[in-house]
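Overview (structure and organization)
Now for the letters of each chain:
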Amino acid sequence: MEAKSVVDSSPMSIQQQDSLPEASPKPYGKKSFVTTLMEAATLRTPSFKEDSYFISSLKSSEKKALQELKKKLVDSHGSDNEYSMWGIRLLGGDEKADVILLKFLRARDFRVQDSFNMLEKCLAWRKEFGADGVVEEDLGFKELEGVVAYMQGYDKEGHPVCYNAYGVFRDKDMYERIFGDEEKLKKFLRWRVQVLERGINLLHFKPGGINSIIQVTDLKDMPKRELRVASNQILSLFQDNYPEMVARKIFINVPWYFSMLYSMFSPFLTQRTKSKFVISKEGHVAETLYK
């Protein structure tokens, strides 16, 4: 089969032959299980195209859905000016509010009721979690800052870049300090939300602006146990409460066992989310990130 690019429409795209993990000499017949799974994961999903959020670029059905969602919000909450996300009043009638509402609509393929339900659950979660104030908290993870997850710089198009690298958790003592019990895991997830919220604070929330981030996840030396415990929770939490906030999800230094992990968290992801994935094998990291 002739390989196609993972993200043809983006200047950051890489060729499929550079994005698949190398075949390893495992007993899976002519093709390794990794190659077969990753081909299925990339070739069958459409290339992601980021929205511009200009109302004029929407289809008539999408404009109608936006108006219907606004009406549902008013019917449910009145004209509550405190009804907000990231400091933006959702019923303020401005373009920033439209950007947020369109993110929820896009995440649910412009199905108004599904988008409304997602938005309501997200608002409830943010209130219960205390997401609006989490950026200011000292969660005691100084040793992880700048190492495990952190915002650093921008891509060619101006998206803030969030880097993730969990290889330090191969150290058993470090692992136990961070993931040793349920309370520690909850605290780590809170810190991970804090990092993401810092990135979102850099976004413009305006049509034609920078309205999403880039995530780079380095799988080098990633312990499988840590992924099994935390990955599903992180992915589910981010997908449910941060729709359309990531323009690209770039995996680098992909190990042979990534196929098993992918099969575990794949059911939790939408096709649109999967279409944002860029997979880079060892030896192609610099090339992938430069693109």
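Right above here is the structure, for reference.
Residues numbered from 1 in each chain as written. Predicted model: local features only at pLDDT ≥ 70, side-chain atom pairs only at ≥ 80, totals over all residues. Heavy atoms only, no water.

Details of the side chain of Asn 241
- Along the chain, Asn 241 falls in helix H8 (residues 224–241).
- One polar contact links the side chain of Asn 241 to the main-chain carbonyl oxygen of Leu 237, over a distance of 3.0 Å.
- Those residues in contact with Asn 241 that lie beyond four places of it in its chain are Trp 86, Lys 121, Cys 122 and Trp 125. (Helix = DSSP H or I, 4+ residues; strand = E, 2+ residues; numbered from the N terminus. Polar contact = N/O pair within 3.5 Å; in protein donor to acceptor, adjacent residues only side chain to side chain. Contact = heavy atoms within 4.5 Å.)

So, the environment of Asn 117
- Looking at the element boundaries, Asn 117 is found in helix H5 (residues 112–129).
- Owing to a relative accessible area of 33%, Asn 117 belongs among the partly exposed residues under this scheme.
- Distance from Asn 117 to Phe 104, taken between C-alpha atoms, is 9.6 Å for residues 13 residues apart in sequence. (Buried < 20%, exposed > 50% of the residue type's maximum accessible area, 1.4 Å probe, protein only.)

With respect to the packing of aromatic side chains
- Per the stated rule, a full pass over the model turns up 16 aromatic pairs.
- A ring pair is formed by Trp 125 and Phe 129, whose centres lie 4.8 Å apart and whose planes are at 25°; its orientation type is stacked. Placement of both Trp 125 and Phe 129 in helix H5 is noted, with a separation of four residues, approximately one turn of the helix. Of the two residues, Trp 125 and Phe 129, both sit in the buried class.
- Judged by centre distance (5.8 Å) and plane angle (45°), the ring pair of Phe 188 and Trp 191 falls under tilted. With a gap of three residues between them, Phe 188 and Trp 191 both fall in helix H7 (residues 182–200), about one helical turn apart. No difference in accessibility class separates Phe 188 from Trp 191, as the two residues are buried.
- An aromatic cluster is defined as three or more aromatic residues linked by ring pairs; in this entry it consists of Phe 141, Tyr 166, Phe 169, Tyr 175, Phe 179, Phe 188 and Trp 191.
- Positioned above the aromatic ring of Phe 116, the side-chain terminus of Lys 72 is 5.7 Å from the ring centre. (Phe/Tyr/Trp six-rings, centres within 6.5 Å; stacked < 30°, edge-to-face > 60°. Lys NZ or Arg CZ within 6 Å of the ring centre and 35° of its normal.)

Some details on the sheet that holds strand E4 (residues 160–165)
- Taking strand neighbours across the sheet as the criterion, the five strands line up as E3-E4-E5-E6-E7 in an open arrangement whose pairing is mixed. A single partner strand is all that each edge strand has here, and the edge strands are strand E3 (149–154) and strand E7 (277–279). Here the average twist between neighbouring strands, direction ignored, is 20°.
- The pairing of strand E5 (residues 213–218) with strand E6 (residues 246–252) spans six bridges and is parallel. Bridge pairing links Ile 213 to Val 246 in E6.
- The strands that H7 touches are E3, E4 and E5; relative to E3, the one it contacts most, it runs at about 15°. (Pairing = 2+ DSSP bridges. Axes fitted to C-alpha atoms, helices over the stretch in contact; angles between N-to-C directions.)

Here's the deal with H7
- For H7, built from 19 residues, the straight-helix expectation of 27 Å at 1.5 Å per residue is met to within 8% by its first-to-last C-alpha distance of 27 Å.
- Sitting at the amino-terminal end of H7 is Asp 181, which places a side-chain oxygen 3.1 Å from the backbone nitrogen of Glu 183. (Expected span 1.5 Å × (residues − 1).)

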